[in-house]
Amino acid sequence: MTIATVALFGVIVSAWVLAISLTYPVRARADLVAQADAASRRLATTIDKVRFTGPIPPWDGVQIMQIVDASGRVLAATEGSAGRQALTDARPTGGDSRVMDRVCHTGGCVVVVGTSNPTSVYGPVVAYAAMHEPFLVRSPFLPVILSGSAVALVALLGWGAWYGTGRVLAPVERIRSELEHFSAQDLSRRIDVPGTKDEVAELATTVNETLARLENAVERHRSFVSDASHELRTPIAGLLVRLESGLDDLDEKEWRAAIRDAQRLSDIVHDLLLMARLDAGASMEQERIDLGQLVEEEIARRPSRLPMTIDVEPGLHVRGSRLRLGRLLTNLLSNADRYGDSRVWISVRGQADEIVVEVRDDGPGIPEEMRERVFERFTRLEHSRSRDTGGSGLGLPIARDIARAHGGTLEARDDSGGWLILRLPRA
């Protein structure tokens, strides 16, 4: 990119040098001719009535002027050109009152413009005015000087770009080289953030934040695999022990225990598959759903240990997947039914632009320090393990993931019993 920029600049400068080399001499001579022409006309008009008794004074920056008769004799001139021969032998011809010539000698070149006046106080004369050409106008070195300056400028730009880019990209290269040594086995390392407080420092900070999120994701994945393996091992081991004891020796109680273990194993696998889909952000079919009606349907569909009191505000609609929202509500109801002592309360109400679902029970509740941990995968409270009838510790994490997938939130609140609050945006 730097080389391309310098090359483009070099092309632009080269075109600029060529344009100046071609146009500058032409424009400069045109300006000199215009200035000499104005002085010549003024001088020709002046000698209609005025005869100079001394040198002609300079006019408008024109230092060389002469009044020459038809024989070529200089009748009057500016100081320095008096007593010399006429500037040029060119005379106006063909009825034209103006003549222009370019005369070169050892001292340089001059542009001469003459204006005739047949009725002057000197008789028929030509008033000449001349301007010296600048050195660069007549010198063949102008293209060389411009080309040399252009080469020096492009070289300076190239060096500045190389030096500046090198200084800017050096910290970026350091960050890149440090990232090369990172691996999934050690994500605790971080990039050194320079104290420059510029864009490079912001880049290093962003890289560190990304590494922190990646480390957290990898740790969650490792923990998830470890916990999943542990949770699957228990029902599988129990099922194998019962089956290995011999089919003939299994009584009805053992059969039921084996069936419960198989069912728990099936539920865990089902939950793992659902969480994998949620983590992958799998698309879901969207539809308009009456949330209060869905709550009533889920309560009526599933058997419960405790009586449930329902307070539903009608006409509250959300947009989402009926299957997944049903699973979310089932998990909340199952949690309250499992850990409540005597009753469960469910309310659905509208609040501004969202719908709030509260599920409460009169059980032991959730300690304050555990209100976020219960939404971590395979987390179960110690006091609830004695009541656990096969929960895998995935119900509330799945419920929160489904809520977030629908643009909502799920949180636990402080109360004497269990209190979960679900918030979903209105359709």
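As the structure is a prediction and not an experimental result, all values here were calculated from the model.

Participant: Tell me about the nonpolar core, and please be specific about residues and values.
Facilitator: Nonpolar side chains in soluble globular proteins generally cluster together in the buried interior. Judged by nonpolar contacts, the single largest core of 41 residues is most densely connected at Leu291, Leu328, Leu329, Leu332, Ile346, Leu410 and Leu422. Looking at this core, the elements with two or more residues in it are helix H5 (252–279), helix H6 (291–301), helix H7 (322–339), strand S9 (344–351), strand S10 (354–361), helix H8 (395–405), strand S11 (409–412) and strand S12 (419–425). For this core, the element with the highest residue contribution is H7, accounting for 6 residues. Excluding residues within four positions of it along the chain, Leu422 makes contact with Leu328, Leu329, Leu332, Ile355, Val356, Val357, Ala403, Thr409 and Leu410. Residues Ala36, Leu43, Ile56 and Tyr122 belong to the second largest nonpolar core, which totals 21 residues.

Participant: Hey, could you go over the sheet that holds S11 for me, with residue numbers and the actual values?
Facilitator: Each strand in a sheet pairs with its neighbour through backbone hydrogen bonds, running either in the same direction (parallel) or in the opposite one (antiparallel). An order of S7-S9-S10-S12-S11 is seen for the 5 strands of this open sheet, with the pairing classed as mixed. The open sheet is flanked by strand S7 (308–312) and S11, the only strands paired with a single partner. Strand after strand, the sheet turns through a mean of 15° between neighbouring axes, direction not considered. Strand direction decides the pairing type here: S11 and S12, joined by 4 bridges, are antiparallel. Opposite Leu410, over in S12, you have Leu422 as the bridge partner.

Participant: Could you give an account of the packing of H7 against H8, with specific residues and numbers?
Facilitator: Two elements in contact, H7 and H8, have axes separated by 9 Å at closest approach and are oriented at 145°. For H7 against H8, the interelement crossing comes out left-handed. Residues Arg324, Leu325, Arg327, Leu328, Asn331, Leu332 and Asn335 of H7 form the contact with H8, whose own contacting residues are Gly395, Leu396, Ile398, Ala399, Ile402 and Ala403. Split into classes, the residues belonging to the contact of H7 with H8 amount to 8 nonpolar, 3 polar and 2 charged.

Participant: Provide a residue-level description of H8, including the pertinent values.
Facilitator: Counting buried residues along H8, 8 of its 11 residues qualify, which places the element largely inside the surrounding structure. Taken residue by residue, H8 has Leu396, Pro397, Ile398, Ala399, Arg400, Asp401, Ile402 and Ala403 as its buried positions. Note on H8: the residue one or two positions beyond its end, Gly407, has a positive phi of about 80°.

Participant: Please set out unusual backbone geometry residue by residue, giving values where relevant.
Facilitator: A positive phi angle, close to 60°, is found at Ala352, a residue other than glycine. Here Ala352 is to be found in the loop between S9 and S10. The exposure class of Ala352 is exposed, given its relative accessible area of 72%.

Participant: Can you tell me about the packing of H6 against H7, naming the residues and giving the values?
Facilitator: In helix packing, the relevant descriptors are the interaxial angle and the interaxial distance, both defined with respect to the helix axes. Axis separation between H6 and H7 bottoms out at 10 Å; the angle between their running directions is 60°. Compared by their axis directions, H6 and H7 come out oblique. H7 is crossed by H6, and the crossing has right-handed handedness. Here Leu291, Leu294, Val295, Glu297, Glu298, Ile299 and Arg301 of H6 come into contact with H7, specifically with Arg322, Leu325, Gly326, Leu329, Thr330 and Leu333. Counted by class, the contact of H6 with H7 contains 7 nonpolar, 2 polar and 4 charged residues.

Participant: Let's hear about the sheet that holds strand S2 (residues 74–77): which residues, and what values?
Facilitator: The 5 strands lie next to each other as S2-S1-S5-S4-S3, forming an open sheet whose pairing is antiparallel. Edge positions in the sheet fall to S2 and strand S3 (98–105), since each has one partner strand and no second. For this sheet, the mean angle separating the axes of adjacent strands, direction not counted, is 25°.

Participant: Can you lay out H6 for me, pointing to particular residues and giving the numbers?
Facilitator: Residues of H6 that are buried include every one of Leu291, Gly292, Leu294, Val295, Glu298 and Ile299, and no others. Angularly, the buried residues of H6 cover 160° about the axis, an arc narrow enough to put them on a single face. Seen from the open side of H6, the exposed residues pointing more than 90 degrees away from its buried face are Ala300 and Arg301. Capping of H6 at its N-terminal end is provided by Asp290; its side-chain oxygen lies 3.2 Å from the backbone amide nitrogen of Gly292.

Participant: Requested: an account of the state of the cysteines, with residues and values cited.
Facilitator: Under the counting rule described, the total for this entry stands at 1 disulfide. Note on cysteine connectivity: Cys104 is disulfide-linked to Cys109, with sulfurs 1.9 Å apart. Across the S-S bond linking Cys104 and Cys109, the dihedral sits near 105°, which makes this disulfide right-handed. By relative accessible area, Cys109 is classed as buried at 8%.

Participant: Describe the environment of Asn335, with residues and values.
Facilitator: Relative to the elements of secondary structure, Asn335 occurs in helix H7. Relative accessible area serves as the criterion here: at 15%, Asn335 is assigned to the buried category. Once the C-alpha coordinates of Asn335 and Asp361 are considered, the two residues, 26 residues apart in sequence, prove to be 9.2 Å apart. If near-sequence neighbours (up to four positions away) are discounted, Asn335 is found in contact with Leu396 and Leu420.

Conventions and cut-offs
Residues numbered from 1 in each chain as written. Predicted model: local features only at pLDDT ≥ 70, side-chain atom pairs only at ≥ 80, totals over all residues. Heavy atoms only, no water. Core = buried A, V, L, I, M, F, W, Y, C linked by side-chain atoms within 4.5 Å. Buried < 20%, exposed > 50% of the residue type's maximum accessible area, 1.4 Å probe, protein only. Helix = DSSP H or I, 4+ residues; strand = E, 2+ residues; numbered from the N terminus. Contact = heavy atoms within 4.5 Å. Pairing = 2+ DSSP bridges. Axes fitted to C-alpha atoms, helices over the stretch in contact; angles between N-to-C directions. Left-handed = near helix turned anticlockwise from the far one by under 90°. Nonpolar A, V, L, I, M, F, W, Y, C, P; charged D, E, K, R; others polar. Parallel < 35°, antiparallel > 145°, perpendicular 65-115°, else oblique. Arc of directions from axis to C-beta. Polar contact = N/O pair within 3.5 Å; in protein donor to acceptor, adjacent residues only side chain to side chain. Disulfide = S-S within 2.5 Å.

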